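Single-letter residue listing:
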Amino acid sequence: MSGPLVVVDALARSFAGVPAVREVSFTVGAGEIHALCGHNGAGKSTVVRMLSGQLAPDAGRIVLDGEAADLRSRQVAQRLGVALVDQELSVVPALTVLENMTLGDIDAPLVTRRRAAVRRCRELLDEMGLDRLRPGQLVATLSMGERQLVEIAKALSQRARVVILDEPTATLSEAESRRVFAAVRRVAARGCAVIFVSHRLPEVLELCDTVTVLRDGRRVVTAPAADLTVDRLIVHMLGETPHRLETSRRPDPDLTHALRIEHLRVPGRLADFTLTARAGRIYALAGQLGSGASDVLRALAGLHARATGSVQLRDRAVAFRSPVGAARAGIAFVSNDRKGEGLFLDKPVAGNLVATRLDRLGRGPLVAAGRERRTARSLAELAGLPPDRLADPVLTLSGGNQQKVFVGRSLGRPDVHVLLLDEPTRGVDIGGRAAIHRLLRDAAEAGLVVVFASTELEELLELGDVILTMRDGRVVDTYPGGADGAVLMRDMTEGKDAA
Ligand SMILES: Nc1ncnc2c1ncn2[C@@H]1O[C@H](COP(=O)(O)OP(=O)(O)OP(=O)(O)O)[C@@H](O)[C@H]1O
């Protein structure tokens, strides 16, 4: 038996003189699933980008199967057998599933071999449990979770020896995550080395053989998953014992900000949704992919032009069939796709934080600039963003910190009465997650109606004052005052049929 398939040897990389990764070393054997953990900005993505040929190390080396590898580009890395499933989706919505699968594949079959390609695509879709999708279907018609699964199938199709998954399950429900895990285990069993980046610590311990924790760009520990617990991992990640977030639940009896939603329908997605949501409370929509939970939020935000029903805020009708109508009524939406909907990635953090409130910042350019800076600074503080990064382009922030910018810019706006969030803490580390949860609690206590959708049990239970379970475009049940995790899970996966 030869040595490890992947050797990461004293890798280092700085940005503008600031070290992001400092002499990180670890190895991954054939058939091993190796997790990379660490808080937002710890250096995980930077390591992944060096391993996948997107970023050159300043020092150190990567050895693949005993040979030092010069991973000059993503293509070179791919040719050497390194496949990457990115944190941000790279599937192209305007192309079909099949076209996406063969896009960028260096062994892409010729047109004459289309039949074989379709067959292979079909096999991979089935392997991912996507038996309902057709190879000829446009990716634009798929939900975010389905796109993520297609992205994973695409990486698996590249006959890789090393498969890197950067937060593959961040947008997926429990059931879909299970399908991904099964696929990942099959890939490892074929003799591949798998590197798995995730903030979901229980799933890390369940799926992975070995865990490496990074903190401030340094490797702090590499240990067998069997020797670790979630609490021990957190201590390694933060370097201290974490404090649990305390939330106070003080429902506001004032009903003037009530959001009344009646018979909201979206053809093919949402059968019927009725809810009166009160100010001061956080409503959690618990549903897996295709349950309709996201569609409730998207319809309220004016993103489903064909939605029907009636929506009233403080007894006034909301023109919810357009984003402008929804925004005018005071509805703000934080989608689960910060790249596609909302953030200006090449613009500074400060500008992004205040982008939605520019018209209220005053007239003259100097006045506006001063106020913009102050507003941005206080929002950054609110959202737990590093204050020294305000002038940097958003794309230079780590993924989790980008999410904080996305949430942060909807906060503290006097014109917002309803805050809708789809997977509010996707990709956010434990500290950032607590910060965002606290912000949402504060927003509710300040008199907003807060409605969020999530697939994560822990988040639903922690944050939802009222939890609505959803499945197949309908509400399964409503739980005011919390619920049991197992009950929520059953509602989401089986509905009431199983009871
Ligand atoms: N292109 C860049 N320019 C400047 N700084 C960068 C750049 N890319 C990354 N960084 C910085 O390097 C550090 C490590 O970031 P990295 O994205 O590797 O963290 P991460 O552990 O993957 O975080 P997350 O969990 O949020 O994805 C951060 O401080 C980040 O802001």
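Everything numeric here is computed off the predicted structure, so don't read it as measured data.

Remarks on the site of the ligand
Looking at the ligand, there are 17 residues lining it, with Phe15, Ala20, Ser45, Ser398 and Gly400 nearest. Listing elements by their share of the shell around the ligand, those giving two or more residues are helix 1 (44-51) and helix 13 (399-408). Residue composition of the shell around the ligand, grouped by class: four nonpolar, eleven polar and two charged. For the shell around the ligand, the two domains that each supply at least three residues are domain 1 (6-238) and domain 2 (259-494).

Let's talk about helix 1
Because each turn of an α-helix spans 3.6 residues, side chains separated by three or four positions end up pointing in the same direction. The buried fraction of helix 1 amounts to eight of the eight residues, a majority that puts the element mostly inside the structure. Here helix 1 has its buried residues at Lys44, Ser45, Thr46, Val47, Val48, Arg49, Met50 and Leu51. Remark: glycine 53 follows helix 1 within two positions and exhibits a positive phi of approximately 80°.

As for the environment of glycine 400
As for its placement among the helices and strands, glycine 400 is situated in helix 13. Sequence separation between glycine 400 and valine 428 is 28 residues; the distance between their C-alpha atoms is 4.2 Å. Leaving out residues up to four positions away in the same chain, glycine 400 has contacts with Asn40, Gly427, Val428, Asp429 and Gly432.

Describing the packing of helix 13 against helix 14 (residues 430-445)
The interhelical angle for the contact between helix 13 and helix 14, taken along N-to-C directions, is 10°, at an axis separation of 11 Å. In terms of axis orientation, helix 13 runs roughly parallel to helix 14. Here Gly400, Lys404 and Val407 of helix 13 lie close against helix 14, whose contacting residues are Gly432, Ile436 and Leu439. A class-by-class count of the residues in the contact of helix 13 with helix 14 yields three nonpolar, two polar and one charged.

What to know about the nonpolar core
Residues Val194, Leu285, Leu420 and Val450 are the most contacted members of the largest nonpolar core, which totals 150 residues. Sort the elements by how many residues they give to this core and helix 14 lands first, with eight residues. Three or more residues apiece are contributed to this core by two domains, here domain 1 (6-238) and domain 2 (259-494). For valine 194, the residues in contact, after removing those within four places along its chain, are Ile33, His34, Val163, Leu165, Val184, Val187 and Ala188.

Concerning the pairing of strand 19 (residues 466-471)
Burial runs high along strand 19: six of the six residues are buried. The two faces of strand 19 match: Val466, Leu468 and Met470 on one face and Ile467, Thr469 and Arg471 on the other face are all buried. Across five bridges, the pairing between strand 13 (residues 282-287) and strand 19 is parallel. In the strand pairing of strand 19, alanine 284 is matched with isoleucine 467. The sheet contact formed by strand 19 and strand 20 (residues 474-480) spans six bridges and is antiparallel. Counterpart to arginine 471 in the pairing with strand 20 is arginine 474. Hairpin connection, strand 19 to strand 20: the antiparallel pair is bridged by two residues, and aspartate 472 has positive phi, about 50°.

Let's talk about the sheet that holds strand 5 (residues 67-69)
Spatially, the four strands line up as an open sheet ordered 2-1-4-5, and their pairing is antiparallel. Strand pairing shows two members of the sheet lacking a second neighbour, strand 2 (18-28) and strand 5, which therefore form its edges. Each strand axis lies, on average, 30° off the axis of its neighbour in the sheet, ignoring direction. In terms of strand pairing, strand 1 (residues 6-15) meets strand 4 (residues 59-64) through five bridges, oriented antiparallel. Within strand 4, the position partnered with aspartate 9 by the bridge is arginine 61.

Comments concerning the environment of lysine 44
One can find lysine 44 in helix 1. Residue class for lysine 44 comes out buried when judged on the 31 C-beta atoms lying within 10 Å of it. Between the alpha carbons of lysine 44 and threonine 212 there is a distance of 10.0 Å; along the sequence they are 168 residues apart. When neighbours within four sequence positions are excluded, lysine 44 is seen to be in contact with Leu36, Gly38, Val197 and Leu214.

Some thoughts on the environment of isoleucine 261
Assignment of secondary structure puts isoleucine 261 in strand 11 (residues 259-266). On the basis of neighbour counts, which here come to 21 C-beta atoms within 10 Å, the residue isoleucine 261 falls in the buried class. Sequence separation between isoleucine 261 and serine 310 is 49 residues; the distance between their C-alpha atoms is 6.0 Å. Dropping the residues within four chain positions of it, isoleucine 261 is found in contact with Phe273, Thr274, Leu275 and Val311.

Quick word on the sheet that holds strand 9 (residues 210-215)
The strand order 6-7-8-3-9-10 describes an open sheet built from six strands, whose pairing is mixed. If you trace the sheet from one side to the other, it starts and ends with strand 6 (82-85) and strand 10 (218-224), each paired once. The sheet shows a mean angle of 15° between the axes of neighbouring strands, taken without regard to direction. Pairing analysis gives four bridges linking strand 3 (residues 33-37) to strand 9, with the strands arranged parallel. Opposite alanine 35, over in strand 9, you have valine 211 as the bridge partner. Running at roughly 150° to strand 8 (residues 193-197), helix 6 (residues 174-189) makes contact with strand 3, strand 7 (162-166) and strand 8 of the sheet. Its contacts with the sheet put helix 8 (residues 230-238) on strand 3, strand 9 and strand 10, and the angle it makes with strand 9 is roughly 30°.

Each value, and the rule that gives it
- Residues numbered from 1 in each chain as written.
- Predicted model: local features only at pLDDT ≥ 70, side-chain atom pairs only at ≥ 80, totals over all residues.
- Near = placed C-beta within 6 Å.
- Helix = DSSP H or I, 4+ residues; strand = E, 2+ residues; numbered from the N terminus.
- Nonpolar A, V, L, I, M, F, W, Y, C, P; charged D, E, K, R; others polar.
- Domains from an automatic or database assignment.
- Buried ≥ 20, exposed ≤ 12 C-beta atoms within 10 Å, placed from the backbone.
- Contact = placed C-beta atoms within 7 Å.
- Axes fitted to C-alpha atoms, helices over the stretch in contact; angles between N-to-C directions.
- Parallel < 35°, antiparallel > 145°, perpendicular 65-115°, else oblique.
- Core = buried A, V, L, I, M, F, W, Y, C linked by C-beta atoms within 7 Å.
- Pairing = 2+ DSSP bridges.

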